[in-house]
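# Overview (structure and organization)
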Amino acid sequence: MNTFFKTIVPQTTALGSTPFLRNFLLLLFFSLLMGLSALAGSKHVLLISSYNSGFPTFFQQVEGIKSVLDDKNVVLDIECMDSKRFFTAESNRLFKELLQYKLANTRTYDAIITTDDNALNFVLDNQASLFAGIPVVFCGVNDIAVALNQNSNPLVTGVVEAVSLKETVKIMVNLFPDTKTVYAIVDGTSSGQGDLKTYYKVAETMPNVEFKEIALHKTTYNSYKQQLQAIPEETPVLLLSAYFDSTGQVVDFGQCMQLLNENLKAPLFHLWEHGLGDGVLGGKIISHYEQGKFAATILQGMWLGEKIEEIAVNSTSPNRLMFDYEQLVRFGITERTLPNKSIIINKPVSFITKYKAFLGWFLAIIVVLTAFILVLSYNFFKQQRIKRILVQQNKDFEALNKKHLKQNEQLSAAQIQLEENEKRFWHLFENNPVSLWEEDFTELISCVKQVPCAYEDLPKYLDDNPGFVQKCAEAVTITEINKATLKLFGAKNKNDLKNNLSVTFNKKSLETFKKLLVALANNKLRFIQETEYVSLSGERIFAILYVFTFEKLSKSIVAIVDTTIIKQTQEELSNKLSELQQSEQELKSINEQLVAAKDQAEESDRLKSAFLANMSHEIRTPMNGIMGFAELLSEPQLETELQQSYISIIQKSGERMLATINDIIDISKIHAGQVKVNFEQIDIVEELQTVYEFFKPEATSKNIDFRMQQHIPEAYNLVYTDKTKLDSVFNNLLKNAIKYTDKGQINLQATVNNENYTFVVKDTGIGIPENRLEAIFERFVQADIADVNAKEGAGLGLAITQSYVKMLGGKIRVTSTEGEGSEFTVDIPFKRPSQNTKNHKFTAVGNGEQMKNAKFTILISDDDHVSIELLKVFLKDYSKKIIVTTNGPDAIKMAKNNNDIDLILMDIKMPEMNGFEATQQIRAFNNSVKIIAQTAFARPEDSRKAMAAGCNAFIAKPILKEELLAQISKLFSLS
Ligand code: ADP
């Protein structure tokens with residue numbers, strides 16, 4: 001590649017950082033050249049080169065010329081003599097003839113440039129014939145004499161070419177100061193040999209340095225190579241000429257340099273430009289470029305007005321100090337050690353240095369570009385900003401997109417869910433046990449909204465306009481109903497129900513529907529109302545109506561909850577509740593009674609405890625009398641009077657004890673509810689008289705005036721009542737009256753009216769405190785230590801009395817004043833005996849005359865010997881024979897064996913067989929014998945049982961002689 005392109009191409013490469021910038025600069029450069037050419041006008045120049053285009057200096061010279069002359073305005077023809085290869089008379093002639101021919105057939109040249117000696121010599125030789133009148137400028141001429149001679153030639157001028165050998169050698173020595181030797185490479189060419197002479201002349205001026213030579217023409221290439229290789233690294237070598245060896249083998253400069261580069265390790269200096277950059281370190285160099293440029297500059301001066309004859313030949317060769325940067329670096333030579341004005345090629349130069357000439361343009365371009373770049377930068381940054389925004393937006397968009405995708409997924413899932421829900425809804429709707437309706441209220445709502453009255457007046461309007469209500473009802477569109485609805489209304493299918501919808505409405509449903517209309521008119525979406533419907537078969541349905549309206553759709557779900565069973569249950573529950581309340585009330589009263597009973601029981605318990613203590617007293621006291629006086633009776637020689645007195649005391653004590661025991665038995669019976677009333681006909685007057693007579697002696701003995709006033713008409717003498725109980729009533733009242741009266745009077749009064757007998761026992765005794773008036777009728781009161789008035793007695797008398805009076809259907813009351821006396825009043829209902837009522841009145845024992853004469857055969861059956869003995873004593877005077885058995889079977893046996901037995905006194909409680917059974921068996925074979933049951937079991941049922949077994953009479957132990965005789969007398973009708 002030639003130097004021109006070497007220079008240009010790196011420029012473009014360096015500049016071409018961007019295709020745009022490179023193209024822009026090239027355009028600018030060529031435009032500039034075109035502009036300059038236009039100014040100069042068109043010239044025709046012939047360049048005659050001594051050598052050919054293959055010679056290294058050729059293009060350097062041409063480039064130098066062209067660096068001044070513009071291609072566009074100057075046509076440069078080149079003719080090469082090629083004298084390096086062909087320099088004979090023949091070649092010279094042929095060149096001349098050819099040139100002659102060309103000159104004759106072309107336009108006359110404006111100027112001729114010659115390069116190197118041979119071309120100038122050719123022109124000078126043929127100036128007159130070929131180049132007459134044409135100015136000639138030469139360059140590269142080594143022959144100084146010929147060159148300077150041209151100062152006298154008016155059409156020829158130019159510049160000489162002289163090597164700067166001395167300066168170069170000096171540079172070599174200076175740059176490598178350690179070396180003591182320098183080498184010169186030379187061949188047999190004339191220029192080489194000429195330079196060698198100069199070389200040795202310089203050596204004379206530098207005695208300290210040894211000047212050596214390698215003469216190629218004296219040796220072969222192989223030896224030459226060895227010589228080159230032998231030169232030490234730090235020894236500078238000057239290339240003068242090396243084109244052929246001793247064998248005449250020619251190499252061109254390229255091959256010459258190749259040989260040197262391959263074999264020489266020492267620094268290589270040269271006097272010409274060629275080779276620099278291809279291995280030559282440098283030197284003060286003849287620059288063929290400068291030569292060409294110098295010649296072209298003279299031409300340009302001529303064209304600008306200078307006259308050639310006035311331009312002197314330049315005898316100073318325009319040599320340059322030039323070095324190859326790469327070689328400097330290779331041998332460690334710094335720029336500082338180089339001579340001034342040295343040119344360093346291949347040095348990486350700054351842009352400004354390299355393109356100084358274009359700096360103005362560059363600056364302008366840079367300004368433009370800067371502006372452009374600024375704009376671009378602005379746009380770029382704007383784009384970047386927009387890009388960032390876009391990226392961000394993109395990210396946002398992606399995020400949004402993701403979100404949307406997610407939402408989409410969610411929506412899809414929601415859609416699926418919705419569909420699922422819808423399916424579920426309809427499944428639930430269809431199979432719901434509650435009656436469900438889906439209805440469309442669109443028309444209904446618009447119907448309601450058309451009401452021509454204020455909302456407040458709507459209820460009244462609906463009442464007054466049944467037609468409108470009907471219209472509204474027809475506006476309801478039933479979309480769906482479920483199975484439960486059909487079942488509830490007893491409809492066969494949807495249409496059946498729709499067609500008979502009016503049947504399902506009763507008054508209450510209609511009222512509910514009106515309320516619904518009011519709610520809808522008020523935009524209420526929820527409506528709940530307790531109501532009624534009628535099934536298609538006419539049964540009443542109690543229900544709760546729920547209406548849920550969906551705002552925009554106007555669709556409604558209507559639920560009718562059947563509450564019929566609930567209603568019925570409610571009614572039942574209500575009934576049950578009132579029953580329960582009643583029961584509760586009853587329980588409450590029972591509870592109260594129980595509490596009262598409990599209190600009473602507690603009180604009774606307290607009284608009972610006191611009673612037991614009192615009983616002990618009441619039994620021990622008479623027992624004390626009996627035991628004590630019985631003991632006294634056993635004393636021998638006791639006076640009869642005293643004896644009778646003791647016996648009397650014993651009897652009274654016994655009676656007292658018996659009375660106490662009787663009272664206990666009676667109150668026990670009463671309390672156990674075992675006392676039965678045995679009504680019979682009695683003569684009340686007779687009864688009163690008996691009682692009066694019975695108590696008269698006792699009263700008299702206490703100096704009490706005992707009187708009786710009975711005002712009972714004869715018609716009321718006979719009464720149907722229980723004699724025993726009536727006796728007991730009188731006995732108790734009179735006994736107390738005597739007991740609690742120490743002086744004064746006792747009155748027994750008896751009156752009667754149509755309904756009642758009234759008996760009054762009035763005394764002037766100690767009286768009863770007011771706060772005790774009720775308590776005295778309670779059991780065991782006597783035993784209560786609070787009863788300060790109590791005298792001897794078990795405190796049971798009045799309790800028994802009150803019970804008996806009640807049993808007889810009567811009442812007892814008391815009034816009393818403490819210290820003055822008491823008054824007991826008894827009312828007994830008057831019951832007239834029926835006509836056929838048999839008079840069971842016992843015949844009174846009478847005077848006992850018949851009895852005295854009677855002599856009976858008597859069987860006593862008793863396991864208690866005391867009782868047997870007592871009976872024997874009682875019946876001693878009335879028996880002709882007394883048979884005794886101690887058990888049932890013996891009694892039967894005796895009765896069988898003794899037909900003469902008149903009377904059997906049958907004890908009930910006996911070993912082996914009791915009295916009831918024995919009696920029954922005796923009755924089996926003897927119905928006439930009189931049997932009296934005698935037993936310590938004194939209960940009425942015992943008596944009844946005995947009678948049922950076949951006994952004729954019943955007598956309770958302890959047996960009183962008189963009572964026994966009275967019974968016997970009665971049985972045998974003895975008076
Ligand atoms: P008692 O058999 O021990 O006398 P009652 O039940 O007959 O028991 O009488 C209860 C109480 O009533 C007596 O203890 C007495 O205090 C009082 N009482 C009964 N009758 C009279 C009366 N006529 N005068 C005064 N107090 C009487």
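Presented here is an overview of the structure given in this document. (Residues numbered from 1 in each chain as written. Predicted model: local features only at pLDDT ≥ 70, side-chain atom pairs only at ≥ 80, totals over all residues. Heavy atoms only, no water.)

## Quick word on helix H21 (residues 507-521)
Over its 15 residues, H21 runs 21 Å from end to end, which matches the ideal 21 Å to within 8%, given 1.5 Å per residue. Regarding H21, the residues found buried are Ser-509, Thr-512, Phe-513, Lys-514, Leu-516, Leu-517, Val-518, Ala-519 and Leu-520. Buried residues in H21 make contact with helix H16 (442-449), helix H17 (458-464), helix H18 (466-475), strand E15 (526-534) and strand E16 (540-549). The residue sitting at the N-terminus of H21 and contributing the capping side-chain oxygen is Asn-506; that oxygen lies 3.0 Å from the backbone nitrogen of Lys-508. A positive backbone phi angle near 60° is found at Asn-523, which sits one or two residues after H21. (Helix = DSSP H or I, 4+ residues; strand = E, 2+ residues; numbered from the N terminus. Expected span 1.5 Å × (residues − 1). Buried < 20%, exposed > 50% of the residue type's maximum accessible area, 1.4 Å probe, protein only. Contact = heavy atoms within 4.5 Å. Polar contact = N/O pair within 3.5 Å; in protein donor to acceptor, adjacent residues only side chain to side chain.)

## Overview of the pairing of strand E3 (residues 111-115)
Taking burial as the measure, the five residues of E3 include five buried ones, the bulk of the element. With five bridges joining them, strand E1 (residues 43-49) and E3 adopt parallel strand pairing. Bridging across to E3, Val-45 finds its partner in Ala-111. (Pairing = 2+ DSSP bridges.)

## Side note on the nonpolar core
Proteins that are soluble and globular tend to have nonpolar side chains buried together. Residues Ile-684, Ile-712, Tyr-757 and Phe-759 are the most contacted members of the largest nonpolar core, which totals 47 residues. In contact with Ile-684, other than residues within four places in its own chain, are Ile-712, Tyr-716, Asn-717, Val-719, Leu-726, Tyr-757 and Phe-759. With 34 residues, the next largest nonpolar core counts Leu-444, Leu-516, Ile-541 and Leu-545 among its residues. (Core = buried A, V, L, I, M, F, W, Y, C linked by side-chain atoms within 4.5 Å.)

## A look at the pattern of salt bridges
Under the defined criterion, the tally for this structure stands at 27 salt bridges. Between Arg-813 and Asp-827 there is a salt bridge, and its shortest N-O distance comes to 2.8 Å. Residue Arg-813 is found in strand E23 (residues 811-817), and its partner Asp-827 is found in strand E24 (residues 821-829); the two are separated by 14 residues along the sequence. A relative accessible area of 45% places Arg-813 in the partly exposed class. (Salt bridge = Lys/Arg side-chain N within 4 Å of Asp/Glu carboxyl O.)

## Thoughts on the packing of aromatic side chains
For the structure shown, the criterion picks out 28 aromatic pairs. Relative to Phe-131, the ring of Phe-122 lies with its centre 6.4 Å away and its plane at 70°, an arrangement referred to as edge-to-face. When sorted by exposure, Phe-122 lands in the same class as Phe-131, which is buried. The interplanar angle of 85° and the centroid separation of 4.9 Å between the aromatic rings of Phe-730 and Phe-759 together place this pair among those described as edge-to-face. Separated by 29 residues along the polypeptide, Phe-730 in helix H25 (residues 723-739) and Phe-759 in strand E22 (residues 756-763) bring together distant segments of the chain. Phe-759 matches Phe-730 in its accessibility class, with the two residues each being buried. A network of ring pairs unites the aromatic residues Trp-437, Phe-489, Phe-505, Phe-513 and Tyr-533 as a single cluster. Above the plane of the ring of Tyr-804 lies Lys-725, whose end atom (NZ or CZ) is 5.5 Å from the centre. (Phe/Tyr/Trp six-rings, centres within 6.5 Å; stacked < 30°, edge-to-face > 60°. Lys NZ or Arg CZ within 6 Å of the ring centre and 35° of its normal.)

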